[in-house]
Amino acid sequence: MNLGVRWTLHGDGRTPAPGAVVRPDERLSWPRTAGLGAQHVVAMFGASFVAPVLMGLDPNLAIMMSGVATAIFLLATRGTVPSYLGCSLSFVGVAAAIRASGGSSATVTGAVLVVGAVLFLAGLAVRKFGARIIHAAMPPIVTGAVVMLIGFNLAPVTASTYWPQDQWTALLVMLFTGLAVVCLRGFWSRIAIFLGLIFGYGISWVFDLVFGKIHSMSPSGQVTDHWRLDLSGVSEADWIGLPSFHGPSFEWSAILVALPVVIALIAENAGHVKAVGEMTGNDLDDKLGTAIAADGAASMLSTAVGGPPNTTYSENIGVMAATRVYSTAAYWAAAGFALLFGLCPKFGAVVAAIPGGVLGGITVILYGMIGLLGAQIWINAKVDLRNPLNLVPAAAGIIIGVGGVKLTFSDTFELGGIALGTIVVITGYHVLRAFAPAHLKEQEPSPAWRRGDPKLDSGTSSYESTSGEEPLSKN
């Protein structure tokens, strides 16, 4: 059985020839391959570590399970789709909503485990019937609206939880991160969020030295005098040890809040596979269902032990585009490094100590980017918002999702926010389409992955820029 774990040496194993690429079944020398693997892990540090922290989950377990998930994905796709799996920020909104209603970490992981199961089943359906069923159920107007309401639903979290902890640090981190995203090039642009975290740590430490403790809301929600940067947990943490595991708990109210993320994940995964196919010159359309199912299976395994869900991670597409090395051997190396990081509790303690003000500055950008990726999906698919068939369900769903509108059925069950907004977008579009006059249904664009457009993935605005500019990061 071909598991995709054999590679031929590319050239001399040192540097690809001008214009050449290192294909998925090729590799450079093992030291260089290991270095590329480490680079992939660093590229996803910023967002993939921020996501589990924002979800209230163990960052050590998150990075460990990202390594396991990556191995599962590579085996499932037989080494034909180079990809690293990390925690998508699309889940942060549902985790915040679940916790706001009194849910625990077990409730969060239980709800997201169901999302993984649905994603797995969706992948099997795509394998059997083809990608056309995705477009039939979730055309770009629906996908873009759901991604947008998920991102913008997070705005109150930044405004009420993180930013007030240290508004001046948050402002400086926001400005620095914005400059890093826009002004840096190459690999440094891939890790702009990570650089923002480092800057935030540094400025928090300096402010503690110069101004002393800050009188503001602490991470516990109480207004007290406290240090901005508290590293006491780092000194107490061991160098080697297992992360914290816990089992999932299933509640219907939490599951309904989490399910809309499936739409965003399918869109991201479809774009990821298409983008990799464009870059490598391989037709990977027949791997789309397998890739989606692998993401679902990996997420189910991770959440079953208390970790976050893991899906294809587009920061790593940017690294591939910059290096032109698509070797899956590098991703196996990345998975190995992730497992090692997961076995270092001290490393997790450093991540968990991110000051609230730092998260405030970073999440202002991250959450806004998530929301605007919905607009990017519309633009790439040439969605016509002058058409009321598109405009009405999207407008209603987004306002419901962002504003937290609720529909109460009983004292114990209600729908609101992300869940209700998504239901309104999907059902509203299909119901209106059933009754709409013929001229409103005409000239609908095909989905990006069927037009050969690599831009559907929310990860980049351009993979092969002819102007010399580097693609922007999703997260």
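Small disclaimer: the values here were computed from a predicted structure and weren't measured.

So, the overall build of the protein chain: which residues are in play, and what are the values?
Helix and strand counts for the protein chain come out as 23 helices and eight strands. Taking all 475 residues of the protein chain together, 56% fall into the buried category. Contacts in the protein chain between residues at least 24 apart in sequence constitute 78% of all its contacts with a sequence separation of at least 6. Of the roughly 19500 Å² of accessible surface on the protein chain, 64% is carried by carbon and sulfur atoms.

Can you lay out helix H14 (residues 261-280) for me, pointing to particular residues and giving the numbers?
Residue pairs spaced three or four apart in an α-helix point in one direction, given the helix's 3.6 residues per turn. When the terminal C-alpha atoms of H14 are compared, their 28 Å separation across 20 residues agrees well with the 28 Å that a helix rising 1.5 Å per residue should span. The buried fraction of H14 is high, at 19 of 20 residues. One or two residues past the end of H14 sits Gly281, with phi positive at roughly 80°.

Could you give an account of the packing of aromatic side chains, naming the residues involved and the relevant values?
One pass over the full model with this rule turns up four aromatic pairs. For the ring pair Trp7 and Trp30, a centre distance of 5.9 Å and an interplane angle of 85° mean the geometry is edge-to-face. In this pair, Trp7 sits in the segment before strand E1 (8-9) while Trp30 sits in helix H1 (residues 30-43), placing the two residues 23 residues apart along the sequence. The class of Trp30 is partly exposed, set by a relative accessible area of 45%. Looking at Lys128, its charged tip hangs above the ring of Phe129, at a distance of 5.6 Å from the centre.

Mind laying out unusual backbone geometry, listing which residues take part and the relevant values?
Despite not being glycine, Arg78 shows a phi value in the positive range, around 55°. As for its position among the elements, Arg78 is in the loop between helix H3 (59-76) and strand E3 (85-86). Here the phi dihedral of Lys382 falls at roughly 55°; this positive angle occurs in a residue that is not glycine. By secondary structure assignment, the location of Lys382 is in the loop between helix H19 (356-380) and helix H20 (388-403).

So what's going on with a nonpolar patch on the surface? Residues and values would help.
A cluster of nonpolar residues, Trp205, Val206, Leu209, Val210 and Phe211, forms a patch on the protein surface that exposes about 550 Å² of accessible area. Inspection of the secondary structure assignment puts Val206 in helix H11 (residues 192-211). Residue class for Val206 comes out partly exposed when judged on its relative accessible area of 34%.

Pulling in residues and values, what's your account of the pattern of salt bridges?
As enumerated under the stated definition, the model contains three salt bridges in all. Of the charged contacts, one joins Asp166 and Arg228 as a salt bridge, the two residues approaching to 3.1 Å between their closest N and O atoms. Linking Asp166 in the loop between helix H8 (155-162) and helix H9 (167-183) with Arg228 in the loop between strand E5 (223-226) and helix H12 (232-236), this pair joins segments that are 62 residues apart in sequence. In this structure, Asp166 and Arg228 share a single accessibility class: buried. Across the salt bridge formed by Arg386 and Asp384, the nearest N and O atoms sit 3.1 Å from each other. Judged by relative accessible area, which is 76%, Arg386 ranks as exposed. It is possible to trace a salt-bridge network through shared partners that takes in Asp166, Asp208 and Arg228.

I'd like a rundown of the packing of helix H4 (residues 90-100) against H14, residues and numbers included.
Between H4 and H14, the shortest axis-to-axis distance is 9 Å and the interhelical angle comes to 170°. In terms of orientation, H4 and H14 fall into the roughly antiparallel class. Across the interface between the two elements, Ser90, Phe91 and Val94 of H4 pack against Val261, Ala264, Leu265 and Glu268 of H14. Residue classes in the contact of H4 with H14 are distributed as five nonpolar, one polar and one charged.

Break down the environment of Ala106 for me, with residues and values.
One can find Ala106 in helix H5 (residues 105-129). By relative accessible area, Ala106 is classed as buried at 19%. For the pair Ala106 and Leu57, spaced 49 residues apart in the sequence, the C-alpha separation amounts to 9.6 Å.

Kindly report on the confidence of the model for the protein chain, identifying the contributing residues and their values.
Counting all residues, the mean pLDDT for the protein chain is 81, and 88% of those residues have values of 70 or more. Put simply, helix H23 (residues 448-451) is where the protein chain has its lowest mean pLDDT, 44, and H5 is where it has its highest, 93. A low-confidence stretch, residues 446-475 stays under pLDDT 50, and its non-local contacts, those more than four residues away or across chains, total 85 contacts.

How would you explain the side chain of Thr169 if you had to name every residue and give the values?
Here Thr169 is to be found in helix H9. In contact with Thr169, other than residues within four places in its own chain, are Ile203, Ser204, Phe207, Arg228, Gly357 and Val358.

Quick one: what's the story with H5, residue by residue and with numbers?
Over its 25 residues, H5 runs 36 Å from end to end, which matches the ideal 36 Å to within 8%, given 1.5 Å per residue. Once H5 finishes, Gly130 follows within two positions and takes phi at roughly 95°, a positive value.

About the criteria used
Residues numbered from 1 in each chain as written. Predicted model: local features only at pLDDT ≥ 70, side-chain atom pairs only at ≥ 80, totals over all residues. Heavy atoms only, no water. Helix = DSSP H or I, 4+ residues; strand = E, 2+ residues; numbered from the N terminus. Buried < 20%, exposed > 50% of the residue type's maximum accessible area, 1.4 Å probe, protein only. Contact = heavy atoms within 4.5 Å. Areas by Shrake-Rupley, 256 points an atom, 1.4 Å probe, with all protein chains shown as cover. Expected span 1.5 Å × (residues − 1). Phe/Tyr/Trp six-rings, centres within 6.5 Å; stacked < 30°, edge-to-face > 60°. Lys NZ or Arg CZ within 6 Å of the ring centre and 35° of its normal. Patch = residues over 30% accessible without salt bridge, like charges linked within 9 Å, V, L, I, M, F, W, Y side chains within 5 Å. Salt bridge = Lys/Arg side-chain N within 4 Å of Asp/Glu carboxyl O. Axes fitted to C-alpha atoms, helices over the stretch in contact; angles between N-to-C directions. Parallel < 35°, antiparallel > 145°, perpendicular 65-115°, else oblique. Nonpolar A, V, L, I, M, F, W, Y, C, P; charged D, E, K, R; others polar. pLDDT = per-residue confidence, 0-100.

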